[in-house]
Amino acid sequence: MDEGAILVTGVGGIGCTWAEKAHTKCSELADLLLIDADESSFAGAAAAHCLHLDAGGDGRGTAALPALAAHRLRDGIGSVTPLLEQAELVVIMTGLGGGMGSGASAELASLARENDCLVITIAGLPFAEQPLRCKIAETAIQALEENSHVCIRVSMERLAWQARHRDDDWRTGSGWIGDLIEGLVTTLAKVGKINLDLMDLRTVINRPGNATLIVGTGTTDRPDKVVGEARKSPLSNLSIDGAKGCMIQVEGGPDMTLAHLNEVTEAFVSSLDPDCQVIMGARASDKMVGRIRLVAVVSGL
Ligand SMILES: Nc1nc2c(ncn2[C@@H]2O[C@H](COP(=O)(O)OP(=O)(O)OP(=O)(O)O)[C@@H](O)[C@H]2O)c(=O)[nH]1
Ligand SMILES: [Mg+2]
């Protein structure tokens with residue numbers, strides 16, 4: 001891994017699946033780190049740094065015991081510390097309510113921050129009909145929020161709902177998480193038409209208040225639908241109305257025009273605070289012919 005790299009990380013079973021799947025879309029731009037006690041979580045990845053936290057040797061996870069997972073992470077972190085020392089941005093993905101993700105992800109976030117990384121966490125919240133798991137998740141999300149620069153709460157219920165509409169599996173992130181990560185990583189790792197970089201991201205994120213990430217995709221014939229898509233994202237209970245800071249990247253194919261660009265950004269920005277500081281970027285890539293994607297980091301909520 002190179003200095004200033006982006007590290008996409010999965011913690012626990014669901015987190016590893018999300019991270020793996022998202023990373024396949026940006027594998028040339030970011031490294032992948034998978035952390036779990038269950039070795040089968042590493043099986044699907046073509047190339048990844050894997051941290052196997054299985055002190056008992058039974059290879060079966062941490063049985064919904066977050067404290068045990070946190071303890072194992074502190075014991076095993078030495079072997080991945082060099083990755084944290086080199087990374088500039090760490091994106092942590094995890095599903096809360098079990099042991100590994102709930103216990104180890106906040107520890108990891110805190111260690112990443114100690115190493116001066118920017119930390120963005122995507123945390124899945126359990127289904128409401130799992131009260132015990134919800135309780136574990138409630139404690140875990142607080143620790144994660146304290147230790148991340150941006151912590152995005154994703155409702156797994158809404159993700160499942162969206163996955164049904166897309167004829168996809170929520171366990172793999174329903175495509176939504178992949179879009180979000182691909183958009184974020186390509187925004188930050190590549191030089192765009194108008195370049196956005198990690199300094200811009202830090203500026204936006206360091207505003208007081210909450211911050212979140214939004215992604216929406218659509219086609220060039222209906223640019224008006226992109227913002228609607230973005231607003232339907234499976235984020236849990238967070239409105240972006242009245243945001244004070246915003247970084248927007250619009251990505252399209254070589255066929256994307258300035259009119260497309262304006263339509264998408266204006267529709268999005270009009271819902272934010274009139275005094276909102278907006279940093280904007282745009283980029284064309286051959287991969288996006290006929291499509292438009294909006295990725296926004298919104299802060300000061
Ligand atoms: N309804 C439903 N929820 C699931 C399923 N799989 C995972 N989840 C949810 O996702 C959360 C995290 O699951 P995992 O990522 O497997 O947990 P883990 O972090 O590996 O935890 P341990 O295996 O206990 O160490 C759970 O608390 C559940 O709420 C599933 O098949 N159905
Ligand atoms: Mg597990």
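Let me begin by describing the structure that accompanies this report. The shown structure was predicted, so the numbers you read here are calculated from the model rather than taken from an experiment.

**Describing the packing of helix α9 (residues 224–231) against helix α10 (residues 258–269)**
Stage number 1. Here α9 crosses α10 at 40 degrees, and the two axes come no closer than 8 Å. With respect to α10, the element α9 is oriented oblique. Crossing of α9 over α10 shows right-handed handedness. Along the contact surface, α9 presents Asp 224, Val 226 and Val 227, while α10 presents Glu 263, Val 264, Ala 267 and Phe 268.

**Let's talk about the sheet that holds strand β9 (residues 277–284)**
Stage number 1. Strand order in the open sheet formed by 4 strands is β7-β10-β8-β9, with mixed pairing between adjacent strands. Edge strands, defined here as strands with exactly one partner in the open sheet, are β7 (212–219) and β9. Across the sheet, the axes of successive neighbouring strands diverge by a mean angle of 15 degrees, strand direction being ignored.
Stage number 2. Pairing between strand β8 (residues 245–252) and β9: 8 bridges, direction parallel. Its bridge partner being in β9, Gly 245 is matched across the sheet by Gln 277.
Stage number 3. Across the sheet, α10 lies against β7, β8, β9 and β10 (291–299), angled at about 150 degrees from β8, the strand it touches most.

**Details of the sheet that holds strand β5 (residues 118–125)**
Stage number 1. Strands sit in the order β3-β2-β1-β4-β5-β6 across an open sheet of 6 strands; the sheet is parallel. At either margin of the open sheet sits one strand with a lone partner, and together these are β3 (49–52) and β6 (150–155). On average, each strand axis in the sheet is inclined to that of its neighbour by 15 degrees, with strand direction left out of account.
Stage number 2. The pairing of strand β1 (residues 5–11) with strand β2 (residues 31–36) spans 5 bridges and is classified as parallel. Among the inter-strand pairings, Val 8 is bridged to a residue of β2, identified as Leu 32.

The rules behind each value
- Residues numbered from 1 in each chain as written.
- Chains lettered and ligands numbered in written order.
- Predicted model: local features only at pLDDT ≥ 70, side-chain atom pairs only at ≥ 80, totals over all residues.
- Heavy atoms only, no water.
- Axes fitted to C-alpha atoms, helices over the stretch in contact; angles between N-to-C directions.
- Helix = DSSP H or I, 4+ residues; strand = E, 2+ residues; numbered from the N terminus.
- Parallel < 35°, antiparallel > 145°, perpendicular 65-115°, else oblique.
- Left-handed = near helix turned anticlockwise from the far one by under 90°.
- Contact = heavy atoms within 4.5 Å.
- Pairing = 2+ DSSP bridges.

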